[in-house]
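What follows is the residue order along each chain.
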Amino acid sequence: MVEVENMADDGPDLACSAGVEDMITMSDLTETSLVANLRIRFDANLMYSSVGSILVSVNPYKLLPIYTLPIVKRYAGQRVGALPPHLFAVAEACCSSMIADEKNQSVIISGESGAGKSESTKMIMAFLSARSGKQTMVERKMLESNPILEAFGNATTVRNDNSSRFGKFMQIRFNDKAEICGGRITQYLLEKSRIVYQADGERNYHVF
């Protein structure tokens, strides 16, 4: 366990009650100082921090009013770094680069079980839809397919009652007006061994 109070006394970086937004600016850039800063921001209900172009998210395990339409409008059209770290800032950067450079963009969402990867994916799609000002059936269909995918690919583990045991590659297609017009979801790396064997305290896939 990291003693946040002790870390805050070691230098000026963590003295702010809200911690440091972009941790690449910290003079003491170590695992201990990063975790301490994340703890400070977590306690202040600030779940997003950044390390340069990488967004770091800590699951708050509670609802926060940070995904509303006014927040979407606030981040739309803004460059990364102009506003506090947020998932919407990453989504906006990808969308803006796609429009300006006319090239495909990618967002890699990774983390341990229960980190909030699936929810982050949903929030990005919601932002992209709201940003264009036109909600399509494509977004709805892709989001509503999640329960089916989770039934065959999610299971109860010792750490998460709805843990994804597979990888997911989601493609979203846009028209020339930057509106969502199509998409595809590809699954890979399914944990097949779980079908015949489950560790103590864990279960088979939900469908079984």
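All figures in this text were calculated on a predicted structure; none of them were measured in a lab. Numbers given for residues are sequential positions, taken from 1 along each chain in its written order. Thresholds applied to this predicted model are a pLDDT of at least 70 for local features of residues and 80 or more for the giving and counting of side-chain atom pairs; totals over whole chains, interfaces and linings are not thresholded and use all residues. To obtain the side-chain values, all non-hydrogen atoms of the structure were included, while hydrogens and water were left out.

Considering a nonpolar patch on the surface
Right, on to step 1. What goes into a patch is any residue over 30% in relative accessible area without a salt bridge, connected to like charges within 9 Å or, for nonpolar side chains (Val, Leu, Ile, Met, Phe, Trp, Tyr), within 5 Å. Only the protein chains shown count as cover for residues, and the accessible areas themselves come from Shrake-Rupley with a 1.4 Å probe. For this document, the term salt bridge refers to a Lys or Arg side-chain nitrogen within 4 Å of an Asp or Glu carboxyl oxygen. A cluster of nonpolar side chains, contributed by Ile148, Phe152, Ile195, Val196, Tyr197, Val207 and Phe208, occupies part of the molecular surface with about 810 Å² of accessible area.
Right, on to step 2. With respect to the helices and strands, the residue Phe208 is situated in the segment after strand E6 (180–188). Numbering of helices and strands runs from the N terminus, with a helix taken as a DSSP run of H or I at least four residues long and a strand as a DSSP run of E at least two residues long.

Comments concerning the packing of helix H5 (residues 117–132) against helix H6 (residues 137–144)
Right, on to step 1. Running from N to C, H5 and H6 point in directions that differ by 170°, and their axes come no closer than 10 Å. Relative to H6, the element H5 lies roughly antiparallel. On the side of H5, the interface is formed by Lys122, Met125, Ala126 and Ser129, while H6 contributes Glu139, Met142 and Leu143.
Right, on to step 2. Grouping the amino acids of the contact of H5 with H6 by side-chain chemistry returns four nonpolar, one polar and two charged. Axis definition: a line fit to C-alpha positions, over the contact stretch in the case of helices; interaxial angles, taken between N-to-C directions, run 0 to 180 degrees. Angles below 35 degrees are treated as roughly parallel, those above 145 as roughly antiparallel, those between 65 and 115 as roughly perpendicular, and all remaining angles as oblique. Contact criterion: two residues are considered in contact whenever any of their non-hydrogen atoms come within 4.5 Å of each other. Lys, Arg, Asp and Glu make up the charged group, whereas Ala, Val, Leu, Ile, Met, Phe, Trp, Tyr, Cys and Pro make up the nonpolar group; the residues left over, Gly among them, are polar.

Some words on the confidence of the model for the protein
Right, on to step 1. Residue-level confidence of the predictor is summarised by pLDDT, bounded by 0 at the bottom and 100 at the top. With 92% of its residues at a pLDDT of 70 or more, the protein has an overall mean of 86.
Right, on to step 2. Contacts from residues 1–15, a stretch scored under 50 in pLDDT, to residues over four places away or in other chains number 23 contacts.

Examining the packing of aromatic side chains
Right, on to step 1. Each Phe, Tyr or Trp ring (for Trp, its six-membered ring) is paired with any other whose centre lies within 6.5 Å, and the angle between the two planes then decides the class: stacked below 30 degrees, edge-to-face above 60, tilted in between. Within this structure, the stated rule accounts for two aromatic pairs.
Right, on to step 2. On the numbers, 5.7 Å between centres and 70° between planes, the contact of Tyr67 with Phe88 is edge-to-face. With Tyr67 in the loop between strand E2 (54–57) and helix H3 (69–75) and Phe88 in helix H4 (residues 87–101), this pair connects stretches of sequence that are 21 residues apart.
Right, on to step 3. Judged by relative accessible area, which is 29%, Tyr67 ranks as partly exposed. In this scheme, a residue with accessible area under 20% of its type's maximum is buried, one over 50% is exposed, and one in between is partly exposed, where area comes from a 1.4 Å probe on protein chains only.

Digging into H4
Right, on to step 1. For H4, which comprises 15 residues, the first-to-last C-alpha distance of 21 Å matches the rise-based estimate of 21 Å (1.5 Å per residue) to within 8%.
Right, on to step 2. On the buried face of H4, the contacting elements are strand E1 (48–51), E2, H3 and H5. To estimate the expected span of a helix, subtract one from its residue number and multiply by 1.5 Å.

A few points about the side chain of Ser50
Right, on to step 1. Its location among the elements puts Ser50 in strand E1.
Right, on to step 2. What makes Ser50 buried here is its relative accessible area of 11%.
Right, on to step 3. Ser50 has contacts with Glu21, Asp22, Met23, Ile24, Leu55, Val56 and Pro85, leaving out every residue within four places of it along the chain.

Overview of the pairing of strand E5 (residues 167–174)
Right, on to step 1. Here eight bridges tie E5 to E6, and the two strands are oriented antiparallel to one another. From the neighbouring strand, Arg173 faces E6, where its bridge partner is Gly182.
Right, on to step 2. Strands were regarded as paired on the criterion that DSSP finds at least two bridges between them. Here E5 folds back onto E6, and the loop between the two strands holds five residues, one of which, Ala178, carries a positive phi near 60°.

As for the pattern of salt bridges
Right, on to step 1. Tallied over the entire structure, the rule returns eight salt bridges.
Right, on to step 2. When the shortest N-O distance is used, the salt bridge between Glu92 and Arg131 registers 2.6 Å. Residue Glu92 is located in helix H4, and its partner Arg131 is located in helix H5; the two are separated by 39 residues in the primary sequence.
Right, on to step 3. We classify Glu92 as buried; its relative accessible area is 1%.
Right, on to step 4. Beyond isolated ion pairs, a larger network of salt bridges with shared partners links Arg165, Glu191, Arg194 and Glu202.

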